[in-house]
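# Observations on the model geometry
The primary structure of each chain is shown beneath.
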Amino acid sequence: MHGQTTFLNWNKERIALERIKSLDPIAHGYMDTPYYVAYSGGKDSDVLRILFELSGVKYDLVHNHTTVDAPETVHYVRSIPGVIISKPEITMWDLIVKKRMPPTRIVRYCCTELKERGGQDRFVATGVRWAESVGRKAKRNSLEIISPRMKDKIVLNADNDESRRMFETCSLQGKRVLNPIIDWTDDDVWEFLRYYGCRSNPLYGCGFKRIGCIGCPMAQDHERLRVFGRYPQYRAIYIHAFNRMLAARRADGLPTDWQTEQQVFDWWVHSTRRRREVEDQIRLSEVAI
Ligand code: SF4
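Now for a quick tour of the structure. (Residues numbered from 1 in each chain as written. Predicted model: local features only at pLDDT ≥ 70, side-chain atom pairs only at ≥ 80, totals over all residues. Heavy atoms only, no water.)

This next bit is on the overall build of the chain. If you tally the helices and strands in the chain, you get 12 helices and 7 strands. When burial is assessed residue by residue, the chain has 46% of its 289 residues classed as buried. For the chain, the accessible surface area stands at approximately 15400 Å², while carbon and sulfur atoms represent 53% of it. (Helix = DSSP H or I, 4+ residues; strand = E, 2+ residues; numbered from the N terminus. Buried < 20%, exposed > 50% of the residue type's maximum accessible area, 1.4 Å probe, protein only. Areas by Shrake-Rupley, 256 points an atom, 1.4 Å probe, with all protein chains shown as cover.)

Here it is, written out as structure tokens:
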């Protein structure tokens, strides 16, 4: 099974396994359902999957199909033994029409409805890591309680005994979240996967740094253009969805500056760059004053 002789950061593996085992909801009797392991098909979730396999605890490995996953990701996820593939009630295309607008960085409705659904009142494990974004270091930790009735979530440290006790006995309803590899670096992730002989999602071998939905508004403009160059059929399906969205807006009497679905697509794909251009113009005008 091992693709290389040592996993250099074995201490991180030990700590991550300790986090998983010490909070096992079934073994400790504070929940009657096993861990819900969120599996996206990306490298971090592969680490998570292998750690849970090593840990010996009970868990459900769940992949939320979004309807805009890359075909390579769909095939890869289907090849993973035991994975539960959960299909959404609505496709991205129908969601765009229903919401009367494309998903954007600010109005990211698709994540809630497609990618992050499921796991309510379960103990969810994710592959979230601080190294993925600067903001995460301040807002995330190895343990979290997300209650639908609370605006803010409770964030705790799984390596602290008192925090663990508080987490287990907290009476708040909602999603409990364990992020066992929160402190892993990219190198830790790749070394671990090599050590355990994980072949990973083939998109990494095609030069992709992140595995996400096709056309995700959270990606940079150049990444989105590259993705639409690779999957032109998805470009056509998005444009068709924008056509239906415009028809629905007109039927509702909603205002719109877009005349055609192609204009919507161009605005949508270049929105990050355009926003930056506007910001740069504002900065330049401030300098001129
Ligand atoms: S497209 Fe992006 S924002 Fe939408 S569900 Fe996928 S990852 Fe989330």
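A few words now on the site of the ligand. Every residue near the ligand is listed here: Met 92, Arg 108, Cys 110, Cys 111, Lys 115, Cys 213, Cys 216 and Pro 217. No other element matches the 3 residues that helix H5 (residues 109–115) contributes to the shell around the ligand. Residue composition of the shell around the ligand, grouped by class: 6 nonpolar, no polar and 2 charged. (Near = heavy atom within 4 Å. Nonpolar A, V, L, I, M, F, W, Y, C, P; charged D, E, K, R; others polar.)

Moving on, we come to the packing of helix H9 (residues 221–230) against helix H11 (residues 261–269). Axis separation between H9 and H11 bottoms out at 10 Å; the angle between their running directions is 130 degrees. Classified by the angle their axes make, H9 and H11 are oblique. On the side of H9, the interface is formed by Asp 221, Arg 224, Leu 225 and Phe 228, while H11 contributes Phe 265, Trp 268 and Val 269. Its residues placed into classes, the contact of H9 with H11 shows 5 nonpolar, no polar and 2 charged. (Axes fitted to C-alpha atoms, helices over the stretch in contact; angles between N-to-C directions. Parallel < 35°, antiparallel > 145°, perpendicular 65-115°, else oblique. Contact = heavy atoms within 4.5 Å.)

Aromatic rings in a pair are described by how distant their centres are and how their planes are angled relative to each other. The tally for this structure, following the rule as stated, stands at 20 aromatic pairs. Residues Tyr 35 and Phe 52 carry aromatic rings whose centres are separated by 5.0 Å and whose planes lie at 80 degrees to one another, so their mutual orientation is edge-to-face. Taken together, the residues span a long stretch of sequence, with Tyr 35 in strand E1 (residues 35–38) and Phe 52 in helix H2 (residues 43–55) at a distance of 17 residues. The pair Tyr 35 / Phe 52 is uniform in exposure class, with both members buried. The interplanar angle of 80 degrees and the centroid separation of 4.8 Å between the aromatic rings of Trp 93 and Tyr 238 together place this pair among those described as edge-to-face. Placement of the pair is Trp 93 in helix H4 (residues 92–99) and Tyr 238 in helix H10 (residues 232–252), with a sequence separation of 145 residues. Look at Tyr 238 and you get buried, because its relative accessible area is 0%. An aromatic cluster is defined as three or more aromatic residues linked by ring pairs; in this entry it consists of Trp 93, Phe 228, Tyr 231, Tyr 234, Tyr 238, Phe 242, Phe 265 and Trp 268. (Phe/Tyr/Trp six-rings, centres within 6.5 Å; stacked < 30°, edge-to-face > 60°.)

Two quantities define a packed helix pair, namely the angle between the axes and the distance from one axis to the other. Where H4 meets H10, the axes come as close as 8 Å, and the angle between the chain directions of the two elements is 25 degrees. Compared by their axis directions, H4 and H10 come out roughly parallel. Relative to H10, the crossing made by H4 is right-handed. Of the residues in H10, those in contact with Met 92, Trp 93, Asp 94, Ile 96 and Val 97 of H4 are Tyr 234, Ile 237, Tyr 238, Ala 241, Phe 242, Arg 244, Met 245 and Ala 248. Taken together, the residues that form the contact of H4 with H10 break down as 11 nonpolar, no polar and 2 charged. (Left-handed = near helix turned anticlockwise from the far one by under 90°.)

All buried positions along H11 are accounted for by Val 264, Phe 265, Trp 268 and Val 269. The arc that holds the buried residues of H11, viewed along the axis, is 115 degrees, so those residues lie on one side. (Arc of directions from axis to C-beta.)

The next subject is the pairing of E1. Here 4 bridges tie E1 to strand E2 (residues 59–64), and the two strands are oriented parallel to one another. Directly across from Val 37, in E2, lies its bridge partner Leu 61. Viewed along the sheet, the connection from E1 through H2 into E2 turns out right-handed. Bridge analysis of E1 against strand E4 (residues 123–125) gives 2 bridges, and the strand direction is parallel. Bridge assignment links Tyr 36 to a residue of E4, and that residue is Val 124. (Pairing = 2+ DSSP bridges. Right-handed = clockwise from strand over helix to strand, strands pointing away.)

Pairing in this open sheet of 7 strands is mixed, and the strands run E3-E2-E1-E4-E7-E5-E6 from one edge to the other. Every interior strand has two partners, whereas the edge strands, strand E3 (84–86) and strand E6 (154–156), have only one. Averaged over all pairs of adjacent strands, the angle between their axes in this sheet comes to 25 degrees, without regard to strand direction. Here strand E5 (residues 143–146) pairs with strand E7 (residues 175–178) via 4 bridges, running antiparallel. By the bridge assignment, Ile 145 is partnered in E7 with Arg 176.

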